[in-house]
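Architecture at a glance
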Amino acid sequence: MSCISYTGWSAGNKKMLYLVGIFLAACLLSSCVKEVEIEPQPYNRKVVVDGFIENGRYAQVFLTMSTPFLDEYDSVSIRKSFLNQAKVILRSSLGEEEVLTLFMRDSFFPPFVYRSVNIRGMVGVEYSLEIEVAGRKVYASTTIPQPPIIWNTRFTYVTDSTGYPEYMISLRSDAVQYVYTRVQSVFADENLHPVREGSIRLDAGNEFGWISVYRVKERRISAGSNYDNFYKEYPPLQYDHRDRVLIVPGTVDSISHEIINSLFDDWGSNDNPFRFNDSGIKSNIEGGIGLWIGIGVNNAFVVSGEVSQE
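Since this is a predicted model, take the numbers as computed values, not measurements. (Residues numbered from 1 in each chain as written. Predicted model: local features only at pLDDT ≥ 70, side-chain atom pairs only at ≥ 80, totals over all residues. Heavy atoms only, no water.)

**Quick word on the overall build of the protein**
Quick reminder of the rule: Secondary structure is summarised from DSSP: a helix means a run of H or I of at least four residues, a strand means a run of E of at least two, and numbering begins at the N terminus for each. We call two residues in contact whenever any of their non-hydrogen atoms come within 4.5 Å of each other. Computed with the Shrake-Rupley method and a 1.4 Å probe, the accessible areas treat only the protein chains shown as cover for residues.
Of the regular secondary structure elements, the protein holds three helices and 19 strands. The contacts of the protein with a sequence gap of at least 6 include a subset with a gap of at least 24, amounting to 64%. On the protein, roughly 18800 Å² of surface is accessible, and the fraction owed to carbon and sulfur atoms is 53%.

Structure below.
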């Protein structure tokens with residue numbers, strides 16, 4: 001006589017009933033799904049400004065037109081976004097004024113740059129832009145702060161053959177500094193570009209601080225670029241100790257600091273599907289969008305695990 005008693009459904013039958021229920025629910029829900037078509041809303045295209053001026057160097061301004069999010073983005077739409085017939089006027093608080101000259105620059109996007117040929121940036125001076133294009137006027141202004149004071153450099157090893165450069169900066173005793181560092185790797189075959197942190201704030205003090213420079217890809221318009229193949233199998237953020245890493249330390253004002261970091265926050269949210277940028281991208285462009293920043297730059301230097309020179 002069997003000792004097994006049946007008090008209801010067996011475990012196997014219950015599981016089968018559970019799966020059938022899920023299947024029927026899924027079918028019911030799928031029958032209720034309707035295709036939703038998003039109607040494109042009227043879009044007011046805006047002038048996009050990407051410009052900067054450094055002490056001792058000429059101003060550079062890149063201009064494009066913004067495009068709707070749902071538009072097809074191909075080579076034709078990219079070419080249509082170029083603004084190469086604008087009038088760009090640069091003025092300084094010293095009374096200088098110059099209409100910027102248009103140059104071709106194939107290594108950058110867009111390939112047209114408006115550049116000054118007479119006015120060079122000076123520390124402590126305010127520089128304003130007035131841009132006339134397609135019946136619109138756009139305005140912006142910025143200042144060039146005191147450059148950072150660099151005392152030392154080094155290469156910090158993480159493994160026997162990789163690590164990251166660092167440089168020692170003097171903290172200002174009288175003011176906050178917003179440090180904006182740009183970097184260029186020889187082995188990665190890249191252009192000069194900002195570090196991964198964007199701009200960092202250093203409070204006033206009487207001490208020195210080391211700033212680490214971690215490897216980050218230069219963001220190029222070509223998604224299929226193979227320029228970073230050298231570091232494809234390397235640990236994230238680290239440089240080969242034989243690489244010669246060019247570092248350009250600089251400072252920006254508080255407004256530029258906020259704009260730069262809002263842009264980097266947005267980039268970070270694009271790279272992470274679980275992160276959303278709900279604070280938006282800030283701008284100091286009146287009548288358009290983008291940024292116009294002044295950078296107080298110090299002398300560039302090279303840091304390597306094999307050689308470090310100023």
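**Examining the sheet that holds strand 8 (residues 136-143)**
We count it as follows: If DSSP finds at least two bridges between two strands, the strands pair. As a rule, the C-alpha atoms of each element are fitted with a line to give its axis, helices using only the stretch in contact, and angles between N-to-C directions run from 0 to 180 degrees.
Taken in spatial order, the four strands line up as 4-3-7-8 in an open sheet, and their pairing is antiparallel. Strands with a single pairing partner mark the edges of an open sheet, and in this sheet they are strand 4 (97-99) and strand 8. Between one strand axis and the next, the sheet turns by 15° as a mean value, whatever way the strands run. With three bridges joining them, strand 3 (residues 87-92) and strand 4 adopt antiparallel strand pairing. Note that in strand 4 the partner of Arg91 across the bridge is Glu97.

**A look at the side chain of His241**
As a reminder, the rule being used: Exposure categories follow from relative accessible area, calculated using a 1.4 Å probe and restricted to protein chains: below 20% of the type maximum is buried, above 50% is exposed, and the middle band is partly exposed.
Tracing the backbone shows His241 in the loop between strand 14 (239-240) and strand 15 (245-248). What makes His241 buried here is its relative accessible area of 18%. Beyond its immediate stretch of four places on either side in the chain, His241 contacts Phe155, Tyr157, Ser161, Thr162, Ser304, Gly305 and Glu306.

**Description of unusual backbone geometry**
Even without being a glycine, Ala134 presents a positive backbone phi close to 50°. Residue position: Ala134 is located in the loop between strand 7 (126-133) and strand 8. When its relative accessible area of 73% is taken as the criterion, Ala134 is described as exposed. Positive phi values are uncommon outside glycine, yet Leu237 reaches one of about 75°. Considering the arrangement of structural elements, one finds Leu237 in the loop between strand 13 (208-212) and strand 14.

**Quick look at the packing of aromatic side chains**
The line we're drawing: Here is the rule: rings of Phe, Tyr and Trp (six-membered ring for Trp) pair when centre to centre is within 6.5 Å. Planes less than 30 degrees apart are stacked, more than 60 are edge-to-face, and the remainder are tilted.
Tallied over the entire structure, the rule returns nine aromatic pairs. Between Phe155 and Tyr157, the ring centres sit 5.1 Å apart and the planes meet at 75°, which makes this aromatic pair edge-to-face. Since its relative accessible area comes to 13%, Phe155 is described here as buried. Overall, Tyr157 belongs to the partly exposed group, its relative accessible area being 39%. Their ring planes at 65° and their centres at 4.7 Å tell us that Phe187 and Phe230 sit as a pair that is edge-to-face. Of this pair, Phe187 sits in the loop between strand 11 (177-185) and strand 12 (193-202) while Phe230 sits in the loop between strand 13 and strand 14, placing them 43 residues apart in sequence.

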